[in-house]
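The residues making up each chain are set out below.
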Number of protein chains: 2
Amino acid sequence: MSGPKKSRPSSGRATVKTISESAGVAASTVSRALRGDPRISQETRERIAKIAHSAGYTPNALAAGLVTRRSGVIGLVVGRLENPFYAELIERLHEVLAARGKRAMVLHVGGTALDEETMRAVLKYQMDGCVIAAAPLDSTAAAICDQAGLPMVMINRVARVHSSAVSCDNQAGGRRLGELLIGGGHRRIAFVAGRADTSTSEQRMRGLGEALATAGLSRFAMVRGSYSYDSGFSAARNLVSGTIRPDAIFAANDIMACGVIDALRTLEIAVPDEISVVGFDDIRPARWASYRLTTIAQPMERMVDRALDLLDQRLGDPSLPGEDVQIPGALKIRDSARLPSGMARDAGEEMPATAIVPAD
Amino acid sequence: MSGPKKSRPSSGRATVKTISESAGVAASTVSRALRGDPRISQETRERIAKIAHSAGYTPNALAAGLVTRRSGVIGLVVGRLENPFYAELIERLHEVLAARGKRAMVLHVGGTALDEETMRAVLKYQMDGCVIAAAPLDSTAAAICDQAGLPMVMINRVARVHSSAVSCDNQAGGRRLGELLIGGGHRRIAFVAGRADTSTSEQRMRGLGEALATAGLSRFAMVRGSYSYDSGFSAARNLVSGTIRPDAIFAANDIMACGVIDALRTLEIAVPDEISVVGFDDIRPARWASYRLTTIAQPMERMVDRALDLLDQRLGDPSLPGEDVQIPGALKIRDSARLPSGMARDAGEEMPATAIVPAD
DNA sequence: CTGAAAGCGCTTACAG
DNA sequence: CTGAAAGCGCTTACAG
């Protein structure tokens, strides 16, 4: 029958309890008032809000999350930040999450495989879901989220079991670039692929293949890179080392295209006069004067918005099936590729959502 | 005298309680065993570990954090990710944090000012501290962390009240680059500054000033940029528009230096034959064939390690005073600057920790 | 070496 | 419209 134990020295911060005391109401009333529960009278709500504000009250998300099983935290898995595409993605993702009152917690960065240990942080912090934006296909993340019943959305890759996915229409984009090159008079179009375990590279290449087939052509060559600048650089050196050179190089992403252009520059091969180069993504350096890359811009903003919508919906109703969303990209015409006659550079045209059927 | 209320449907996950039941011990014993408390017998510890593992137990960090007032989360404020320096920093920071069993939560990204609302997330999620790596000086973050008694460390900027800071020895680096340029025969050295409210730009410029003064020279010109590619590009156009041109341009960071080089390339001014260019940071693109930038490499790995050490120490003992750590950078000699005769490119020499006193 | 109990700061049925 | 109470899943004095 000992007295109450002494509580640990508190941080001195205001809590629902301290506020309820100064307001002369119950803690539950404070909680409801602060969350805008309409059952609490307007007057009480305002009074409590005022007190909370002047006490510098900040709710403890850990305590709230413990009860609600919602932390307001989204886990983030992104590819190597050497690729500015992922850096831009983080920036945008953070912005949209913040606007929605949520926060991003970094789970994994880089090209290495996800281990289970890493994904456990999702459970540990009761995350509300995760966004996977690393190109390599990997199922550890899917397995953990699925087991925890957590929504998960892929960006820039295809969906896996029980996940949604948002990506650019890579195939249409690849086709569009293929058509542009063919229209520009190129006949020996080589492809610098990304890692073999990525859907984006495959889809972009398939689009190129379609354009080639329609024109009665076939791919001149294919070299596999790893989505890095260096791999684009080496790939280009390989491609031009033979006796017959390609007259155009389509790199599966922009950062490799930058490597391609630099390799050609080093070899004093003129771009686009001798060899045209196109990429995919529209990363910042694609606009730099050294590259002026003709490419497909991924609709980053819409992709992120859409991805977080999918996540939100599935957090509300976990039984919702996964969706696979494709958003058309936009062709950016700059200076790295010879154009069909009559087509102006910088005419940045929006890609149509549906397949382009060349008018014979 | 009603019966116990029904608890909300639990997630079905294992908890200390479910484990304590299957092990036939108290919850407190499970907690201690799992945390490796030496008071629990080896045998019991192992038995509990086994049960926990086979139950797929993952501790709930929210619950633990609520009690311990430690969340294992570090808040991150970084500058605009257009600058690969910050992207690399995130990558490295995440890596080291993960190795220490902690996680990074993104607080703010970009060049805009920190608002109080953002920094409140630090309190909301009971973060263990934060890392501020945005160049602009801003005191909101410092104020919030200080009020909460949280440790905070700046990377790439000077300390503020109650914070520690880790940065490259910017002044020595600036001096080193200045000496290199002067030794290479340059006499009209212009500086492209970063934002006025940043310490890094000022320190690098001061270092350059010292080198110039020692050689009896003064700065040829100064143009202010904003640490972006575009601002470097415009700055270079301004600098060469007059009748007397600089023979060297020192940009306060690499991304501006890339813009400078591209502007000169566009104007068909040869680098380094007509104008030498140097930068600071050693970001990835500095190594790209289009730039081959002579620059000072910031010791990113050591900076991050040191910063997190400082944070850890202050989390253990909040009374510790702030420290200001400067780590020497390393000169990277590439192709963007003419060299003193006899000095080889790529000789990447380590910068000395102490000031260089030129031997008359 | 282990257990029973209190409590971290919230939220939410339940009752009125 | 509001309150009292239970509980989320941990950890940690306290007691033995």
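Calculation rules
- Residues numbered from 1 in each chain as written.
- Chains lettered and ligands numbered in written order.
- Predicted model: local features only at pLDDT ≥ 70, side-chain atom pairs only at ≥ 80, totals over all residues.
- Heavy atoms only, no water.
- Near = heavy atom within 4 Å.
- Polar contact = N/O pair within 3.5 Å; in protein donor to acceptor, adjacent residues only side chain to side chain.
- Helix = DSSP H or I, 4+ residues; strand = E, 2+ residues; numbered from the N terminus.
- Pairing = 2+ DSSP bridges.
- Axes fitted to C-alpha atoms, helices over the stretch in contact; angles between N-to-C directions.

Novice: Explain the protein's contact with DNA strand C to me, please; I cannot follow it from the model alone.
Specialist: Neighbouring residues of DNA strand C: 31 residues in total, closest Ser-31 and Arg-32 of chain A together with Thr-29, Arg-32 and Arg-69 of chain B. Those atoms of DNA strand C that come within 4 Å of the protein belong to sugar or phosphate at a rate of 67%. Contact distances for DNA strand C include 2.7 Å between a base oxygen and a side-chain N or O atom of Arg-32 of chain B. Looking at the surface near DNA strand C, the elements with two or more residues in it are helix 2 (27-34) and helix 4 (61-68) of chain A together with helix 2 (27-34) and helix 4 (61-68) of chain B. By residue number, the principal contributor to the surface near DNA strand C is helix 4 of chain A, which donates five residues.

Novice: Explanation requested: the protein's contact with DNA strand D in the structure shown.
Specialist: As a matter of local geometry, DNA strand D sits amid 32 residues, with Thr-29, Arg-32 and Arg-69 of chain A together with Ser-31 and Arg-32 of chain B nearest to it. Sugar plus phosphate: this is where 68% of the atoms of DNA strand D within 4 Å of the protein reside. Ser-28 of chain A is positioned with one of its side-chain polar atoms (N or O) 3.0 Å from a base nitrogen of DNA strand D. A distance of 3.3 Å separates a phosphate oxygen of DNA strand D from a polar atom in the side chain of Arg-35 of chain B. Where the surface near DNA strand D is concerned, the elements lending two or more residues are helix 2 and helix 4 of chain A together with helix 2 and helix 4 of chain B. Ranked by residues supplied to the surface near DNA strand D, first place goes to helix 4 of chain B with five residues.

Novice: Whenever I open this one, the sheet that holds strand 6 (residues 189-193) of chain B confuses me. Can you help?
Specialist: In a beta sheet, neighbouring strands pair by backbone hydrogen bonds and run either parallel or antiparallel. All names here are of chain B. Spatial ordering of the open sheet is given by 7-6-8-9, a layout of four strands whose pairing is parallel. Edge strands, defined here as strands with exactly one partner in the open sheet, are strand 7 (221-224) and strand 9 (276-278). For this sheet, the mean angle separating the axes of adjacent strands, direction not counted, is 20°. Alignment of strand 6 against strand 8 (residues 248-251), held across four bridges, turns out to be parallel. Among the inter-strand pairings, Val-192 is bridged to a residue of strand 8, identified as Ala-251.

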